[in-house]
Number of protein chains: 2
Amino acid sequence: MKKLIRGLLATLLATAALYPMNTMAQDPSSLKMPTLEDLIPGGETYRYTENLYELQWWGDQCIKPEIDSLFALNPKNGRETLLATREAVNRALEQAGVPKLSHFYNVRTPWTDRTEMLLPVSQKYAVYNWETGQVTTRDDLPKEPAANYDLNTESLNLAYTVKNNLYVNGKQVTNEPEGIVCGQSVHRNEFGISKGTFWSPKGTLLAFYRMNESMVTPYPLVDITQRIAILDRIRYPMAGMLSHKVKVGIYNPATDKVVYLDAGDPKNRYFTNISWAPDERSLFLIELNRDQNHAKLCQYDAQTGKLMQVLIEERHPKYVEPQQPIVFLPWDSNKFIYQSQRDGYNHLYLYDLERLHAIQPQELTKEEAEKLWNTIEKAGKGKTPTGVAGVQLTSGPWLVQSILGFNAKKKEVIIAATKESSLQSNIYKVRVKDGKLALVDNGQGVHYVQLSASGTYVIDNWSSPQVPRSIDIRATSDGKETAHLLTAEDPFKGLVMPTVETGTLKAADGKTDLYWRMLKPRDFDPTKKYPVIVYVYGGPHAQMITANWMYTARGWDLYMANKGYIMFTLDNRGTSNRGLEFENCTFRHLGIEEGKDQVKGIEYLKTLPYVDASRIGVHGWSFGGHMTTALMLRYPEIFKVGVAGGPVIDWKYYEVMYGERYMDTPEQNPEGYKQCDLKQYAGNLKGHLLLIHDDHDDTCVPQHTLSFIKACVDARTYPDLFIYPCHKHNVLGRDRVHLHEKITRYFEDYL
Amino acid sequence: MKKLIRGLLATLLATAALYPMNTMAQDPSSLKMPTLEDLIPGGETYRYTENLYELQWWGDQCIKPEIDSLFALNPKNGRETLLATREAVNRALEQAGVPKLSHFYNVRTPWTDRTEMLLPVSQKYAVYNWETGQVTTRDDLPKEPAANYDLNTESLNLAYTVKNNLYVNGKQVTNEPEGIVCGQSVHRNEFGISKGTFWSPKGTLLAFYRMNESMVTPYPLVDITQRIAILDRIRYPMAGMLSHKVKVGIYNPATDKVVYLDAGDPKNRYFTNISWAPDERSLFLIELNRDQNHAKLCQYDAQTGKLMQVLIEERHPKYVEPQQPIVFLPWDSNKFIYQSQRDGYNHLYLYDLERLHAIQPQELTKEEAEKLWNTIEKAGKGKTPTGVAGVQLTSGPWLVQSILGFNAKKKEVIIAATKESSLQSNIYKVRVKDGKLALVDNGQGVHYVQLSASGTYVIDNWSSPQVPRSIDIRATSDGKETAHLLTAEDPFKGLVMPTVETGTLKAADGKTDLYWRMLKPRDFDPTKKYPVIVYVYGGPHAQMITANWMYTARGWDLYMANKGYIMFTLDNRGTSNRGLEFENCTFRHLGIEEGKDQVKGIEYLKTLPYVDASRIGVHGWSFGGHMTTALMLRYPEIFKVGVAGGPVIDWKYYEVMYGERYMDTPEQNPEGYKQCDLKQYAGNLKGHLLLIHDDHDDTCVPQHTLSFIKACVDARTYPDLFIYPCHKHNVLGRDRVHLHEKITRYFEDYL
């Protein structure tokens, strides 16, 4: 039923073109044709959508920073109270001998019970009390260039890194040689990892990563900006090769001692999703084997580093991908929420730690685990059968995207999920006792939300295809808007804009609905023939079409549509927010099913009388660069021109964590690697293909593109090439305009 | 007078187009349009001009190797005598347990007095006596991969290198760590250096180079063909930077001892042009300061390594460039020939060693040296005034290219020189007693010559604009042909060929004649308008237009002319074979005068009614890549499309020896370096410029092109780029066809 409604919605979308509101209201002749400088982030005249930056909660009061003032907003009615002026703060800072503040956007108000704000100022940090006007400063920040600052606002303990070592409160914690990195993100930021330090709730203990990558074969990047070009060596573990080894340490600032978790030889193991027990006596992490098909939620003793128990295990014939640490209920330190895709969609599971201790053996066989889970599932929501430690809290053909927090009083967990539509992200509350779900926002678009301390209010920063941005405060009790803070002006006001349409079509499997987006020139004439450019990404972890402002159409898409191209994008199977099966049908042969789905998009385009099927181009970056190259080579009769940026060419040159999840190792899956190695198809190139790579690409190393160029030279085919010096895995900043002018010229020359 | 005649010749050439002989005789409709595979070396159907490979002298008999037989030719009449069959040699080799010979092209006949040939066969070498049928073998060749074999055929002592060390007769002579290279060419092959070992005449002593380059900043090249790309570090001393240090050792195989020349600190000094005294008791070399404006011919004691005397000094306000070692007269071990450009052209000077010892102080002041030379020059040819040690043997506005050897009986030195025309290379004999000069060949074209042992005959392998190749034997007594060995068939027989014309025009200085070459399509119609592509090199040490077959037009030039382009090349000031002033007018500002001259060529083209001045392209490699880029940027209104291969972009990224000769150091000549740094002009780019670089270019490192790309991105201009992986300073072999297809497409797309 739900599916049907979503299908109807999509059909509706497909038939009604979206005219951006601004241009509808204005006389077309008064509009300006936008340039790349207007439309590309980094451009001189690019306008970001209006926003209120760094809104945050101080308890249940909303804090609104500005350049010269800091306000508190009453969430019930939005009424503003001035907390501090910059002038006053700077006067106090000056007396304390601390550099001045140039705006309030970096301040933080983490202390619910104190009228204090945290001011991160150069080489120090200071706390300013807006009631007393007093400044407390702290001098133990590093004098050398440091990074990865992590302050526990309870204990005020501060962790940071200098080069490859970890420091706490000015004291050096680790003293490792080059090649061993402490206190930083590991496993190349996969498995939801984005940092390397983890304070215990009260800040008395610090868990941190220690990564030994000295055994990883270095990849040579070259910096040509030096007097004589120099080598930048990065440690890049390629699929099937020796990878780095990670350990987890626990540092106690009171004793200045480090205990490493006693986890055995870390070779070919991933230690992910670190979290603390509320009582700080144990640490949880999800361990994954190198095959990535067996995950274990482990509990370690924080004092001894000994493994206490393997609490939950998950296996999958393809892969499991833990990305969310467990979260304890604020009102019950024995219960935590665990997230899993085990029913095909990411959902919440509530576990009882004591029961887990009682029933769960150290290691379950596959059969035992399945049996246990059958029991739990049969028991149904909200009921914890005897001998079972957990229940499923949410379920259905949609997925939980994140846990935003709790309303402890009402015993609710607040989440973001795709229940309304897989293009949307909405906010829900889930009653923990029975899993009852209720929408908290307006049910439209994409919402980015911050939950207040008590869980009573949210700051709701949202957009929809028709709304560039709106910022509201809502009560989680009934989802009603209590204060409206911003209606962003149309960032494209006064500019000629194309029309945007979306719809669905059937995937190459004949049954799965896929979403597409189409931009047409504003002066579109259905009796004419238009060339088409497909913008593609196509890989996991991303979705190109969402119910954001203008369906997330990119500036370059708008630019090209204005130039007379139909811009088309399709989220093929393998992309995110559609569930596990939708994603993992590409397992061990990345790019093949994805390409078949893109061809379905082309078949649809060819049914449209106004599409010139002899002039179809394709462009994408990274996975989209792979897709672009693959489409040009596998379907040379369809695609005339392609621009592939930072493409993966051969998965054996890609890194271990992401690559092996989807492809296994080259040794395990030689046929798959061969089938997906685009060098094999270099001889198929017929159209014009421009490959663009950054010379400092440490995500998808330049070897991909250069080895493909060599394969084409060997095969006597003629791709084009461009290198952006001094950029990493994309061209950002001012040069992004150059990049898009370069891409535009290529399509204009050849399509 | 001579100049006038040469001018007339050029005029004549300019008016009469050269139709390749083959196509004149054939019905045009029966001709095949050649492909790049036909015309580019490395192409599958490319035909090298017919040749007799590895002709050589055995005394005064000409040896002619074939696959199955080795012949001796009587030079008086060309009559052939069979010396050996491969079958017979292989029978003898088999008995001696030595691998078989697959052809005779590698054999050598260095022993005038013995009926023996040297057979270099794998891991051994063998001597075969064609009278007795006996084989003598030798086992002391290295088992490891070795290189730089240098056999002294008198002593049979054999030198070679394994990695960075020198070996003689299987014994390791040097034992240096990585970073110190022995027995190999040094100073990046400048100053005429092409090897690192120098046997004394009888082979009793071996002089060798020892180069310490451990202090040279390495340049990182990347090899992308490995499983994970790896670093190839090359030691590349860039202009103004710390350079390598060279010492010269002398090894005595009898005592197994090495003596290094006692030359002091080798920092910033070049040790060039090593040669031996006939009595093996002393060694000569020409030492040059880092500024390259002061050269000293030094004599060292071969036993002690002590400097005996600085014999001759040369200074020049721009640079001196010694490229030829001294050569002793075979009939007078006290006299040697020294070559110098001191009168503006490279000429021969005869010196008396004893007199030099008597008159020459260790170090002459500049004034003293000038005074001495004035005295010598006043004395005139052939007369050695009292107190003077040398006389000038040849003179005139032409230059000696090389000494080929001597006729000892007649006391003549045989040379190659440009006396007939600066486009030609002809053979002359010079009577040593009075400098009397006589032409030995037919006075046409370009001659590559080998002189017989007695100096009585030459093997004359020559070509001219109308003659692809002819091989004759000539007597040096009267230059008459005594035997005709080959008339090569037209390599382009049966193919459509454009016409070739040459002529001269005035340089930008208003007075110097410059040679140009023009190719027109075979079906040229003077009433039509044709696009033009300028092929340019433009740097020192090279000349694009010579009186070789079809005036040395390249295969790609022929191909493009066939496609309907006028192909134009001009040897601007700065190029070779025109004397010192012609070359060194570019000193300290490389590329500027050269560019002005190229513009003179364009001005001439614009006077031609059939030239489409709106469609002028330019292409060149290396120095020609610099010229191409410079012309596109300095004259954007003239040049619409350019393809620059392996370009020098900024001379400070080029190497010390070549770069500082013409540019001094960046510290000495900051304005010049800035003026010639093409990154400064990146913003001027208007037309289409494709830069091509090889990823293993160790002559002109990739930093040139990549830093230019960055400058263009910064300046928001849009060059194109291509990289050839796994190639060095050009694209050779099979891939050369791909390269030229790539270049062709670029001009076809944009010109």
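Look a little higher up for the structure.
Keep in mind that this is a model prediction, so the values were computed, not measured.

The rules we used
- Residues numbered from 1 in each chain as written.
- Chains lettered and ligands numbered in written order.
- Predicted model: local features only at pLDDT ≥ 70, side-chain atom pairs only at ≥ 80, totals over all residues.
- Heavy atoms only, no water.
- Least-squares fit on C-alpha atoms with pLDDT ≥ 70 in both.
- Contact = heavy atoms within 4.5 Å.
- Salt bridge = Lys/Arg side-chain N within 4 Å of Asp/Glu carboxyl O.
- Helix = DSSP H or I, 4+ residues; strand = E, 2+ residues; numbered from the N terminus.
- Buried < 20%, exposed > 50% of the residue type's maximum accessible area, 1.4 Å probe, protein only.
- Pairing = 2+ DSSP bridges.
- Axes fitted to C-alpha atoms, helices over the stretch in contact; angles between N-to-C directions.
- Phe/Tyr/Trp six-rings, centres within 6.5 Å; stacked < 30°, edge-to-face > 60°.
- Lys NZ or Arg CZ within 6 Å of the ring centre and 35° of its normal.
- Lys, Arg positive; Asp, Glu negative; His and termini not counted.
- Expected span 1.5 Å × (residues − 1).
- Arc of directions from axis to C-beta.

A few words now on the relation of the copies chain A and chain B. At an RMSD of 0.1 Å, chain A and chain B line up after a rotation of 180° and a shift of 0.1 Å along the axis. Each copy turns onto its partner about a two-fold axis. Taking the C-alpha atom as reference, chain A places L721 of chain A closest to the rotation axis, 2.9 Å from it. An overlap of 100% is found between the interface residues of chain A and their copies at the interface of chain B, pointing to a shared contact surface.

A word on the pattern of salt bridges. Inspection of the entire model under this criterion finds 88 salt bridges over all chains. Across the pair R91 of chain A and E87 of chain A runs a salt bridge whose closest N-O atoms are separated by 3.6 Å. Of this pair, R91 of chain A and E87 of chain A are both found in helix α4 (residues 86-95), four residues apart, which corresponds to roughly one turn of the helix. Exposure remark for E87 of chain A: the relative accessible area of 58% places this residue in the exposed category. In this structure, K335 of chain B engages D352 of chain B in a salt bridge whose closest nitrogen and oxygen atoms are separated by 3.8 Å. Highlighted residues: K335 of chain B in strand β24 (residues 332-340) and D352 of chain B in strand β25 (residues 347-352), separated in sequence by 17 residues. Each of the salt bridges in this network shares a partner with another, and the network as a whole consists of D509, R573, E593, K596 and D597 of chain A.

Residues and elements named next belong to chain A. The strand order β27-β28-β29-β30 describes an open sheet built from four strands, whose pairing is antiparallel. A strand with exactly one partner marks an edge of an open sheet, and here the two such strands are β27 (400-407) and β30 (437-439). Mean inter-strand twist for the sheet, computed between neighbouring axes without regard to direction, equals 30°.

Now for the sheet that holds strand β4 (residues 80-85) of chain A. Residue and element names in this part refer to chain A. The four strands are arranged β1-β2-β3-β4 in an open sheet whose pairing can be described as antiparallel. At either margin of the open sheet sits one strand with a lone partner, and together these are β1 (56-58) and β4. Within this sheet the neighbouring strands show an average axis-to-axis angle of 35°, counted without direction. As paired elements, strand β3 (residues 69-73) and β4 share five bridges and run antiparallel to each other. Of the residues in β4, the one forming a bridge with L70 is A84.

Now for unusual backbone geometry. Residues and elements named next belong to chain B. With a phi close to 55°, N148 is a non-glycine residue in the positive phi region. You can see N148 is positioned in strand β8 (residues 147-151). The backbone of M550 sits at a positive phi, close to 55°, despite the residue not being glycine. Locating M550 in the fold gives a position in the loop between β37 (530-535) and α7 (555-562).

Quick look at the environment of A553 of chain A now. All names here are of chain A. Mapping A553 onto the fold places it in the loop between β37 (530-535) and α7 (555-562). Assessed through its relative accessible area of 17%, A553 is described here as buried. Along the primary structure A553 and K32 are separated by 521 residues, whereas in three dimensions their C-alpha atoms are 19 Å apart. Excluding anything up to four places from it in sequence, A553 contacts R517, L519 and L558.

A word on the packing of aromatic side chains. All names here are of chain A. Scanning all chains against the criterion turns up 63 aromatic pairs over all chains. A cation sits over an aromatic face here: K247 above Y260, 4.8 Å from the ring centre. Directly above the aromatic system of Y535 lies the positively charged group of R554, at a separation of 3.8 Å from the ring centroid.

Residues and elements named next belong to chain A. Mapped onto the elements, E594 comes out in helix α9 (residues 592-606). Summary of buried charges: E594 has no salt-bridge partner, and the nearest side chain of opposite charge, R634, is 7.3 Å away. If sequence neighbours within four positions are ignored, E594 has contacts with G538, N572, R573, T586, H589, F623 and M627.

So, about helix α13 (residues 703-715) of chain B. Taking 1.5 Å of rise per residue, the 13 residues of α13 of chain B would be expected to cover 18 Å, and the 18 Å separating its terminal C-alpha atoms lies within 8% of that figure. Counting buried positions along α13 of chain B gives ten out of 13 residues, so the element sits mostly inside the fold. Three or more residues of α13 of chain B are buried, namely Q703, H704, T705, L706, S707, F708, I709, A711, C712 and V713 of chain B. Summarising the contacts, the buried residues of α13 of chain B are in contact with β42 (720-724) and α14 (735-750) of chain A together with β15 (218-223), α10 (623-634), β41 (688-694) and β42 (720-724) of chain B. After α13 of chain B finishes, the residue R716 of chain B shows a positive phi value of roughly 60°.

With that settled, the discussion passes to α4 of chain A. Residues and elements named next belong to chain A. Taken residue by residue, α4 has V89, N90, A92 and L93 as its buried positions. Here the buried residues of α4 occupy an arc of 160° about the axis, which is enough to place them on one side. Exposed side of α4, more than 90 degrees from the buried face: E87, E94 and Q95 are the residues found there. Where α4 ends, the next residue or the one after it, G97, has phi of about 75°, a positive value.

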